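Observations on the three-dimensional arrangement
Chain by chain, the residues run as shown.
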Amino acid sequence: MDSAAPDIGIIAGSGQFPALVARAAKAAGSRVFICGFKGQTTEDLRAEADDFSIIPLGQLGRLIAFFKKRGVTKVCMAGAIKKSRFLDIRPDLRAARVLFKVSRHHGDDAILRSVLDELQGEGLEVRQASELLPELLGPAGALTHRKPSSQEWESIRHGWPIGRILGVHDIGQCLVMTKKMVVAVEALEGTDSALERGALLAGPGCVALKMLKPGQDKRVDLPAIGLQTIQILTRHTYACLAYEAGNTLFFDREPSLALADAHDLAIVGLTPEMLEG
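This section reports on the structure supplied with the text. The residue numbers shown here count from 1 along each chain, following its written sequence. Local features are withheld for residues below a pLDDT of 70 in this predicted model, meaning they are given only at 70 or higher, and side-chain atom pairs are given and counted only at 80 or more; totals for whole chains, interfaces and linings count all residues. With hydrogens and water excluded, all non-hydrogen atoms of the structure serve as input to the side-chain values.

What follows is about the sheet that holds strand β2 (residues 32-37). A pair of strands counts as paired when DSSP detects no fewer than two bridges linking them. Think of it this way: any DSSP run of H or I at least four residues long counts as a helix, any run of E at least two long counts as a strand, and we number them from the N terminus. The sheet built from five strands is open, its strands ordered β3-β2-β1-β4-β5 with parallel pairing. Two strands bound the open sheet, and with one partner strand each, they are β3 (51-55) and β5 (125-127). Neighbour to neighbour, the strand axes of the sheet diverge by 25° on average, direction disregarded. Here strand β1 (residues 8-12) pairs with strand β4 (residues 74-78) via four bridges, running parallel. Angular values range over 0 to 180 degrees, each being the angle between N-to-C directions of two axes fitted as lines to C-alpha atoms, with helices fitted over their stretch in contact.

Structural data, given as structure tokens:
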């Protein structure tokens, strides 16, 4: 971000990403202000912030006021928000207005884009959190000792455009394939549950695909994988995980790859050229 090390506001969800972003911002000389959500964000983040607050999901006016009161002009979003909680949201008047504006464009992407517009309209520049931690973005190529087999490549290349089409309609970031057949698609339940369901339906040898939705704003909700993902895949004897290189956060990469190698799971970061066959 800026060399002048401005104050950074973090809109925090769950997981380790908010803490990692906060530490990187502090290492760059910024003060850090974190606002999270009840039932989503851990109180442990208080130790990473110069100031910290937890508010109910849907209180957009309070979120904006928290940052503006502290003079913050640059914010980023980090961490997961359970999509199922969108069904239980209790919006304040400001959030209700946002929801009304997107009522004809259902889906979490439409909601998040409208929230970004509200923040920007209040002088809060929304930045991509991974700018502070570019090393978290998964690289291209095979990362494990075992490379995808020819059959696994067939499933990857068959499934990738299907996942893109689903993404255009704001349906998930994850697809489970086996023998060029679609087994499971991520919906409201999230990636982990989709992976579990795919394994239960098709058994060992599945291929998991993780990708950015076409047109998705990279400042929010980048695809993410990590040790928990690999634990699920290895427990259910998946054959391969393919993710979109450069647009997927890969947490705990070293232990994840060690676990994958121990279970003969192939992991590959994909570029458009690799999908041409």
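What follows deals with the pairing of β2. Counting buried residues in β2 gives six out of six residues, a clear majority hidden from the surface. Sheet topology places β1 next to β2; four bridges connect them, and they run parallel. Residue pairing for β2: I8 is matched across the bridge by V32. Classification remark: right-handed applies to a crossover when, strands pointing away from the viewer, the course from the first strand over the helix to the second runs clockwise. Handedness of the crossover is the feature at issue here: the chain leaves β1, passes through helix α1 (residues 17-27), returns alongside β2, and the resulting connection is right-handed. Only protein chains enter the accessibility calculation, which uses a 1.4 Å probe; a residue whose area is less than 20% of its type maximum is buried, one above 50% is exposed, and one in between is partly exposed.

Right, let's get into unusual backbone geometry. One non-glycine residue, K179, lies in positive phi territory at about 50°. Structurally, K179 can be placed in the loop between β7 (174-178) and β8 (181-185).

Next up on the list: empty space enclosed by the protein. The probe, sized like a water molecule, is rolled over the atoms to show the empty space still left. Using protein atoms alone on a 1 Å grid, points that fit a 1.4 Å probe yet trap it form a cavity, whereas open point sets bounded by protein on both sides within 12 Å along at least five of seven lines form a pocket; residues with an atom within 4 Å of a point count as lining. Grid points are joined across faces, edges and corners, and a volume is the space filled by probe spheres set on the points. Scanning all chains against the criterion turns up one cavity of 30 Å³ or more. Of the voids in this model, the largest cavity is the one considered here, and its volume is about 30 Å³. Contributing to the lining of the largest cavity are G163, L166, I171, G172, Q173, C174, L175, V185 and M211. Put simply, the parts of the chain that give the lining of the largest cavity at least two residues each are α5 (150-168) and β7. In this classification, the charged set is Asp, Glu, Lys and Arg, the nonpolar set is Ala, Val, Leu, Ile, Met, Phe, Trp, Tyr, Cys and Pro, and all remaining amino acids, among them Gly, are polar. Looking at the lining of the largest cavity residue by residue, the classes come out as six nonpolar, three polar and no charged.

Read across the sheet, six strands follow the order β6-β13-β11-β9-β7-β8 without closing on themselves; strand pairing throughout is mixed. Pairing within the sheet leaves two strands with one partner each, and these edge strands are β6 (141-142) and β8. Bridge count for strand β9 (residues 207-210) against strand β11 (residues 240-244) is four bridges, and the pairing is parallel. Its bridge partner lying in β11, K210 is registered against Y243.

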